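# Residue-level structural notes
So you can see what is in the structure, the chains are spelled out below.
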2 protein chains.
Amino acid sequence: MYVVILAGGSGTRFWPLSRKTRPKQLISVLDGPTMLQRTVERILPLQPKRVLVVTNRLQAAETEQQLARYRSLVPVDVIAEPVGRNTAPAVGLAAAIIAAHDPEGIMAVLPADHYIRDDQGLCRVLANAAQTARNGWLVTLGIVPTAPETGYGYLEADTSLRGDGPFPVSRFVEKPDHATALSYLESGRFFWNSGMFVWRADTILAEIGRHMPELAERLDTLDFSGDVWELSDLDGQIAGIYGAIGGQSIDYGVMERSDRVQMWPADIGWSDLGSWSALPEVLEMDDNGAVAVNSLAHLAIDSSGCIVSGNGGVVATIGVDNLVVVSTGDAVLVCPRERAQEVRQVVEELERRKMTQYL
Amino acid sequence: MYVVILAGGSGTRFWPLSRKTRPKQLISVLDGPTMLQRTVERILPLQPKRVLVVTNRLQAAETEQQLARYRSLVPVDVIAEPVGRNTAPAVGLAAAIIAAHDPEGIMAVLPADHYIRDDQGLCRVLANAAQTARNGWLVTLGIVPTAPETGYGYLEADTSLRGDGPFPVSRFVEKPDHATALSYLESGRFFWNSGMFVWRADTILAEIGRHMPELAERLDTLDFSGDVWELSDLDGQIAGIYGAIGGQSIDYGVMERSDRVQMWPADIGWSDLGSWSALPEVLEMDDNGAVAVNSLAHLAIDSSGCIVSGNGGVVATIGVDNLVVVSTGDAVLVCPRERAQEVRQVVEELERRKMTQYL
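What follows is about the overall build of chain A. Check the secondary structure of chain A and you find eleven helices and 17 strands. Against the compact-globule benchmark of 21 Å for 359 residues, chain A has a radius of gyration of 21 Å, which places it among compact chains. Oriented by its inertia axes, the alpha-carbon framework of chain A measures out at about 60 × 50 × 40 Å. In chain A, the proportion of contacts linking residues at least 24 apart, taken out of those at least 6 apart, comes to 67%.

The next point concerns the domain arrangement of chain A. All names here are of chain A. When cut into domains, chain A gives domain 1 (2-271) and domain 2 (276-358). In this structure, domain 1 and domain 2 have C-alpha centres spaced 29 Å apart. Contacts between the two partners involve 13 residues from domain 1, matched on the other side by 18 residues from domain 2. Here the residues of the side of domain 1 that touches domain 2 sort into seven nonpolar, three polar and three charged.

Let's shift gears to the sheet that holds strand β12 (residues 291-293) of chain A. Strand order in this open sheet of six strands is β12(A)-β14(A)-β16(A)-β17(A)-β15(B)-β13(B), and the pairing throughout is mixed. The open sheet has two edge strands, β12 of chain A together with β13 (297-301) of chain B, and neither has a second partner. Taking the axes of each pair of neighbouring strands and ignoring which way they run, one obtains an average angle of 10 degrees across the sheet. Here strand β16 (residues 323-327) of chain A runs beside strand β17 (residues 331-336) of chain A; their pairing, made up of five bridges, is antiparallel. Within β17 of chain A, the residue paired with Val325 of chain A across the bridge is Val334 of chain A. On top of the sheet, helix α11 (residues 343-352) of chain A reaches β17 of chain A together with β13 and β15 (314-318) of chain B; it is set at about 135 degrees to β13 of chain B, its chief contact.

Further remarks concern the environment of Phe167 of chain B. All names here are of chain B. By secondary structure assignment, the location of Phe167 is in strand β8 (residues 167-173). Judged by the 22 C-beta atoms lying within 10 Å of it, Phe167 is buried. Sequence-wise, Phe167 and Ile250 are 83 residues apart; in three dimensions their C-alpha atoms are separated by 20 Å.

This part is about the nonpolar core. Of all hydrophobic cores here, the largest spans 229 residues; its most connected members are Val4, Ala94 and Met107 of chain A together with Val4, Ala94 and Met107 of chain B. Residues contacting Met107 of chain A, with those up to four places away along its chain left out, are Tyr2, Val4, Ala94, Ala95, Ile98, Trp199 and Ala201 of chain A.

Taken together, the six strands give an open sheet; going across it, the order is β13(A)-β15(A)-β17(B)-β16(B)-β14(B)-β12(B), and neighbouring strands pair in mixed fashion. The sheet is open, and its two borders are formed by β13 (297-301) of chain A together with β12 (291-293) of chain B, each paired with just one other strand. Between one strand axis and the next, the sheet turns through 10 degrees on average, direction left out of account. As defined by bridge partners, strand β14 (residues 307-309) of chain B adjoins strand β16 (residues 323-327) of chain B across three bridges and the pair is classed as parallel. Across the sheet, the residue bridging to Ser309 of chain B is Val326 of chain B, located in β16 of chain B.

The two copies are related by a screw motion: chain A maps onto chain B through a turn of 179 degrees and a shift of 0.0 Å along the axis, at an RMSD of 0.1 Å. Interpreted geometrically, this transformation is the action of a two-fold axis. If distances are taken from each C-alpha of chain A to the rotation axis, the shortest is found for Gly329 of chain A, at 1.9 Å. Looking at the interface residues of chain A, 100% of them are also at the interface in chain B, so both copies use one shared face.

A word on the pairing of β16 of chain A. Looking along a regular strand, one sees the side chains alternate between the two faces of the sheet. All names here are of chain A. Counting buried positions over the five residues of β16 gives five, a clear majority of the element. Neither face of β16 is left uncovered, since the one carrying Leu323, Val325 and Ser327 and the one carrying Val324 and Val326 both have all their residues buried. Between β16 and β17, which pair antiparallel one after the other, the connecting turn spans three residues, and Gly329 there sits at a positive phi close to 90 degrees.

At the interface, 32 residues of chain A touch 32 residues of chain B. Among the elements of the structure, β13, β15 (314-318), β16, β17 and α11 of chain A are those that each provide at least two residues to the side of chain A that touches chain B. Residue contributions to the side of chain A that touches chain B peak at six residues, all from β17 of chain A. For the side of chain A that touches chain B, the per-class residue count stands at 20 nonpolar, eight polar and four charged.

This part takes up the confidence of the model for chain A. For chain A, per-residue confidence averages 93 on the pLDDT scale, and 98% of positions sit at 70 or higher. Two numbers describe this predicted complex: its pTM, 0.89, and its ipTM, 0.88.

Take unusual backbone geometry next. All names here are of chain A. With an omega of 0 degrees, the peptide bond between Gly165 and Pro166 qualifies as cis. Its identity is not glycine, yet Asp31 carries a phi of approximately 65 degrees, on the positive side. Position of Asp31 relative to the elements: it lies in the loop between β1 (2-6) and α1 (35-43). Residue Asp31 is classed as exposed on the basis of its 12 C-beta neighbours within 10 Å.

Next up on the list: the packing of helix α3 (residues 87-101) of chain A against helix α6 (residues 201-211) of chain A. Residues and elements named next belong to chain A. Where α3 meets α6, the closest approach of the two axes is 9 Å, and the angle between their N-to-C directions is 130 degrees. Regarding the angle of α3 to α6, the classification is oblique. Judged by the sense of rotation from one axis to the other, the crossing of α3 with α6 is left-handed. Touching Val91, Gly92, Ala95, Ala96, Ile98 and Ala99 of α3 are Ala201, Asp202, Ile204, Leu205 and Ile208, all from α6.

A few words on the pairing of strand β3 (residues 76-81) of chain A. Residues and elements named next belong to chain A. Burial runs high along β3: six of the six residues are buried. Side chains of β3 alternate between two faces, with Val76, Val78 and Ala80 and Asp77, Ile79 and Glu81 buried alike. Relative to β3, strand β2 (residues 50-56) runs parallel, the two being bridged by six bridges. Its bridge partner lying in β3, Leu52 is registered against Asp77. For the crossover from β2 across helix α2 (residues 57-67) to β3, the handedness is right-handed.

The next point concerns helix α7 (residues 213-220) of chain A. Residue and element names in this part refer to chain A. Among all positions in α7, only Leu215, Arg218 and Leu219 are buried. What you see down the axis of α7 is that its buried residues fit within an arc of 100 degrees, all on one side. In α7, the exposed positions that point more than 90 degrees away from the buried face belong to Pro213, Glu214 and Asp220. Structurally, α7 contributes buried residues whose contacts are with α3, α6 and α8 (235-244).

Before going further, it helps to examine the environment of Ala316 of chain B. On the secondary structure map, Ala316 of chain B appears in strand β15. On a C-alpha basis, the gap between Ala316 of chain B and His298 of chain B in space is 5.8 Å, while along the polypeptide they are 18 residues apart.

Looking now at the environment of Met107 of chain B. Here Met107 of chain B is to be found in strand β4 (residues 106-111). Counting along the chain gives 90 residues from Met107 of chain B to Phe197 of chain B, while the straight-line C-alpha distance between them is 8.1 Å.

About the thresholds
- Residues numbered from 1 in each chain as written.
- Chains lettered and ligands numbered in written order.
- Predicted model: local features only at pLDDT ≥ 70, side-chain atom pairs only at ≥ 80, totals over all residues.
- Helix = DSSP H or I, 4+ residues; strand = E, 2+ residues; numbered from the N terminus.
- Rg over C-alpha atoms; globule rule 2.2 N^0.38 Å.
- Contact = placed C-beta atoms within 7 Å.
- Domains from an automatic or database assignment.
- Nonpolar A, V, L, I, M, F, W, Y, C, P; charged D, E, K, R; others polar.
- Pairing = 2+ DSSP bridges.
- Axes fitted to C-alpha atoms, helices over the stretch in contact; angles between N-to-C directions.
- Buried ≥ 20, exposed ≤ 12 C-beta atoms within 10 Å, placed from the backbone.
- Core = buried A, V, L, I, M, F, W, Y, C linked by C-beta atoms within 7 Å.
- Least-squares fit on C-alpha atoms with pLDDT ≥ 70 in both.
- pLDDT = per-residue confidence, 0-100.
- Parallel < 35°, antiparallel > 145°, perpendicular 65-115°, else oblique.
- Left-handed = near helix turned anticlockwise from the far one by under 90°.
- Right-handed = clockwise from strand over helix to strand, strands pointing away.
- Arc of directions from axis to C-beta.

Written out as structure tokens, the structure is:
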């Protein structure tokens, strides 16, 4: 199996810890290894033939550095896009590179910035999905929902036929309202759209050819003479492709249109960690109902439910409840947990003021 | 005039900005120069003969360093106490040193960590007080109250006799409750006890002899042969004195007992800056009713009334009101404005946990 890790995100939702050159996948949101490093470590037991990490030029150097430690365990290729064009071009490029060497090679596509509690469970699901993919299916991993989440897209699957999977996908739905999410949860037929996929390189290229002919045409121009893996060797060609194509997600561009989609359900303690407020979903709370990361200590005096990240030092809260408190030394964020998403307004304001060193 | 600056405080109320080795007087609570430096700069127009700064051994080096810039303008002596014994021994020592050179020298005693808006006003009051002190009075500066403060001690003065002052002091009162403070404010006869004094060296020594005979006896043992000013030259003798005496304030030890006290009223925009919550009293608020110090910028999204201090960087608040947010890079404090005094609980907890680098 080849593992393709999509690591080109530039989200701002973990500001001030995440910055333009150190977005979520390159930081240690939960102490210890970065999200990207955790993603790699998670799939090492599968003994992948190669790991292809698609990132962008701004983050390429840091990405290379963070991956250096794994090069003795598995070949790692870093592919630096000249500009972000959503997931379809990134997936298409990786598929084209793999297909040039191994047309029927199975590739697993994984986002670099998701949280998964059950690493072994993921590996089991990926192995099952690889079996299905071998027969020419596009396999998507559907997360078994544990709450009526309104922040995720859902897949509806026909779960009546087989036991554990795979299941045919009948439709993709956007983020639902709460009542709808509740009905999805109760139905047993709806799953969270995780953005994790498994397929053969030639299958996805054929489906891109069918549903995204313009992208396919551009990918066909790639000249793989020379045994290149890393896209840096193809910089000129790539720049041409990326200059000419529009951005599109692989979900919208291919998955929602293809009739070759199957879903494997995954009950693996998954979260996309969409903002600071997601931390209590995935971390143990202390006696004060608080979670602390990147802090030596959280001194909570008459405080409860806070989410703190403290630059390796001390965070003291007195008489406040359910606040997010993040310090990175040069920047501090304080907001109620339920408003953590609004941090993008701070980032926009920093852009307006041209305070680029904080972006 | 000699100016004696009492700079031996070790308060914790501005934690995490203030630490044991950098207490309030040695930090820049309000941007720019430190509180100690502002205290020195404030009295330079009076062209004092010497400035004597009484501090303690822990802070002596930093104190010396902060005062270096003024040595070309005025002789500065740093007197390092081996241990803090409240204000009476510090005042007594300074008086003994001055008296050894200039027995009738006028000395002004100023705390190093107070805020004064009207520097020229202070100099005018000190000049008036010096006239009164010349005739053998102990002069205290009484701050004209602007609010029914319950956090200050008060002086009651007989203001009926003279125009602008000085006024005889009829009594000293401890921190009053709100109703009492309100009646004080309305009476026109009560003033805040500022801890600022002016007297002749021989006058205060005589009064110490009368009301604090033990301290006077110890001070009498000082041998000033050799033209010493700085107490470092007398270290052995001083250690002996401080080892033997108890701590006492000059207010309680002398001022409240002496019949030679006069008060000059001072309407000079004074605050003792007792905690973070005092900042809005002395600083301009921005459009959000917030005050920011030591910050490049405060980004207030739907926030009001916050007091922020941000280590020279950015502080972003979203949807929170009337919070204190202080970051020093290695430590963060978040609490409601009205609970800023409870920061001492954080300091106590740090002591319990032996996290000494944050003290």
